[in-house]
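# Breakdown of the fold
Okay, here's what each chain looks like letter by letter:
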Amino acid sequence: MRRAPVDAERQQLHSTTSLGLASARNRERVLEETCIPIQSDGDIVGARQNGRGLAVQLGFSPSDLTLIATAISELARNILLYAKRGKIILKLVEQGETRGIIVTAHDKGPGIPDISRALEAGFSTSRSLGLGLPGVRRLMDEFEIVSDVGLGTIVTVKKWAK
Ligand SMILES: Nc1ncnc2c1ncn2[C@@H]1O[C@H](COP(=O)(O)OP(=O)(O)OP(=O)(O)O)[C@@H](O)[C@H]1O
Ligand SMILES: [Mg+2]
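Attention here is on the structure that accompanies the text. What you see is a predicted model; the values in this text were computed from it and never measured. (Residues numbered from 1 in each chain as written. Chains lettered and ligands numbered in written order. Predicted model: local features only at pLDDT ≥ 70, side-chain atom pairs only at ≥ 80, totals over all residues.)

## As for the sheet that holds strand 2 (residues 86-95)
Strands pair in a sheet through their backbones, by hydrogen bonds, and they do so in one of two ways: parallel or antiparallel. Selection criterion: Whether two strands pair depends on DSSP finding at least two bridges between them. Numbering goes from the N terminus for both helices and strands, where a helix is a DSSP run of H or I of at least four residues and a strand is a run of E of at least two. All axes here are fitted lines through C-alpha atoms, helices being fitted over the stretch that makes contact, and every angle between N-to-C directions spans 0 to 180 degrees. Here, residues touch in the contact sense if the C-beta positions derived from the backbone fall within 7 Å of one another.
Read across the open sheet, the five strands follow the order 1-2-3-5-4; overall the sheet is antiparallel. The sheet terminates laterally at strand 1 (29-38) and strand 4 (142-148), the two strands that pair on one side only. Strand after strand, the sheet turns through a mean of 10° between neighbouring axes, direction not considered. With respect to the sheet, helix 2 (residues 41-56) is in contact with strand 1, strand 2 and strand 3 (98-107), its orientation differing from that of strand 1 by roughly 165°.

## Topic: the packing of helix 3 (residues 62-83) against helix 5 (residues 132-139)
Worth spelling out the cut-off: Throughout this description, any angle smaller than 35 degrees is read as roughly parallel, any larger than 145 degrees as roughly antiparallel, any in the 65 to 115 degree range as roughly perpendicular, and the remainder as oblique. Here is the rule for handedness: rotate from the far helix to the near one, and if that takes an anticlockwise turn smaller than a right angle the crossing is left-handed, while a clockwise turn gives right-handed. Ten residue types, Ala, Val, Leu, Ile, Met, Phe, Trp, Tyr, Cys and Pro, are classed as nonpolar, four, Asp, Glu, Lys and Arg, as charged, and the remainder, Gly among them, as polar.
As a packed pair, helix 3 and helix 5 sit with axes 9 Å apart at the nearest point and diverge in direction by 150°. In terms of axis orientation, helix 3 runs roughly antiparallel to helix 5. Two packed elements cross with a definite hand, and for helix 3 against helix 5 that hand is left-handed. Each of Leu-67, Thr-70, Ala-71, Glu-74, Leu-75, Arg-77 and Asn-78 in helix 3 lies in contact with helix 5, whose residues at this interface are Gly-132, Gly-135, Val-136 and Leu-139. Along the lines of polarity and charge, the residues of the contact of helix 3 with helix 5 split into five nonpolar, four polar and two charged.

## Re the site of ligand 1
Which entries qualify depends on this criterion: Near, as applied to residues and a molecule or strand, means the residue's backbone-placed C-beta atom lies within 6 Å of it.
Near ligand 1 you find 23 residues, and of these Ala-118, Ser-124, Thr-125, Ser-128 and Gly-132 are the closest. Secondary-structure elements contributing two or more residues to the shell around ligand 1 are helix 3 and helix 5. No other element matches the five residues that helix 3 contributes to the shell around ligand 1. Across the shell around ligand 1, the residue classes tally to eleven nonpolar, ten polar and two charged.

## What about the pairing of strand 1?
Let me state the cut-off plainly: Here exposure depends only on C-beta density: within 10 Å of a residue's C-beta, 20 or more other C-beta atoms make it buried, 12 or fewer make it exposed, and intermediate numbers make it partly exposed, the C-beta atoms being placed from the backbone.
For strand 1, the tally of buried residues reaches only one of ten residues, placing the bulk of the element at the surface. One ladder, built from nine bridges, connects strand 1 with strand 2; its direction is antiparallel. Bridging across to strand 2, Pro-37 finds its partner in Lys-87.

## Quick look at the nonpolar core
The nonpolar side chains of soluble globular proteins are, as a tendency, buried together. This is how it is decided: A set of buried residues drawn from Ala, Val, Leu, Ile, Met, Phe, Trp, Tyr and Cys, joined through C-beta atoms within 7 Å, is what defines a nonpolar core.
By size, the foremost hydrophobic cluster in this structure holds 24 residues, and its most contacted members are Ala-71, Ile-72, Leu-75, Ala-76, Ile-88, Ile-101 and Val-103. It is helix 3 that contributes the most residues to this core, six residues altogether. The residues touching Ala-76, leaving out its near neighbours within four places in the chain, are Ile-38, Asp-43, Ile-44, Ala-47, Ile-88 and Ala-105.

## Observations concerning helix 2
For clarity, the threshold we go by: In this analysis, the expected span of each helix is defined as 1.5 Å times one less than the number of residues it contains. This arc is taken over the directions from the axis of the helix to the C-beta atoms.
If you check helix 2, its first and last C-alpha atoms are 23 Å apart, about what 16 residues at 1.5 Å a residue would give, namely 22 Å. When helix 2 is considered as a whole, its buried residues turn out to be Asp-43, Ile-44, Ala-47, Arg-48, Gly-51, Leu-54 and Ala-55. Down the axis of helix 2, the buried set is contained in an arc of 140°. They therefore lie on one face. For helix 2, the exposed residues set more than 90 degrees away from the buried face come down to Asp-41, Gly-42 and Val-45.

## With respect to the packing of helix 2 against helix 3
Close contact between helix 2 and helix 3 brings their axes to 8 Å; oriented N to C, the two are set at 150°. The angle between the axes of helix 2 and helix 3 places the two elements in the roughly antiparallel class. The way helix 2 lies across helix 3 gives a crossing that is right-handed. Of helix 3, the residues touching helix 2 (which contributes Asp-43, Ile-44, Ala-47, Arg-48, Gly-51, Arg-52, Ala-55 and Val-56) are Leu-65, Ile-68, Ala-69, Ile-72, Ser-73, Ala-76, Arg-77 and Leu-80. For the contact of helix 2 with helix 3, the class distribution of residues is ten nonpolar, two polar and four charged.

Now the structure itself:
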């Protein structure tokens, strides 16, 4: 009779431990991280080159390096155009056997009122082509936007080295 609570405790301890291990396995381990303030055209070029320089370390093909650099410059261009200033964070990460690059574009600009429209090819509030965000989405493996009107926008994209 007295063993029951002990068994229950052990059971709990065991499941907590294996849960801990599982989440550690799924977590991205950051190998390298850099933050680039964006407030001029020169910063866009810098972010693009910086991203390419980091990604090359993971063995991406030359064409993948160009896609990554293009995604970074589109996100940085949007920061400059719509929010005036912000930052691009570049991270090299490892998840299990896979390594990749995570690009996060942050700004405290006007935000995007209708994200699904902003992702449609051809939608632009600046009479431009409206191809930036849909292009970035297509070029990268993972894509996420969080945006609040009046607060700002965070776009996170990831590409995994094959
Ligand atoms: N960081 C941002 N802050 C606020 N609005 C944004 C931001 N990024 C994009 N948008 C909105 O989403 C729309 C679509 O962006 P997207 O980059 O696809 O096209 P574009 O910038 O208008 O044109 P292009 O990038 O082809 O020159 C923009 O016109 C703008 O209204
Ligand atoms: Mg754009």
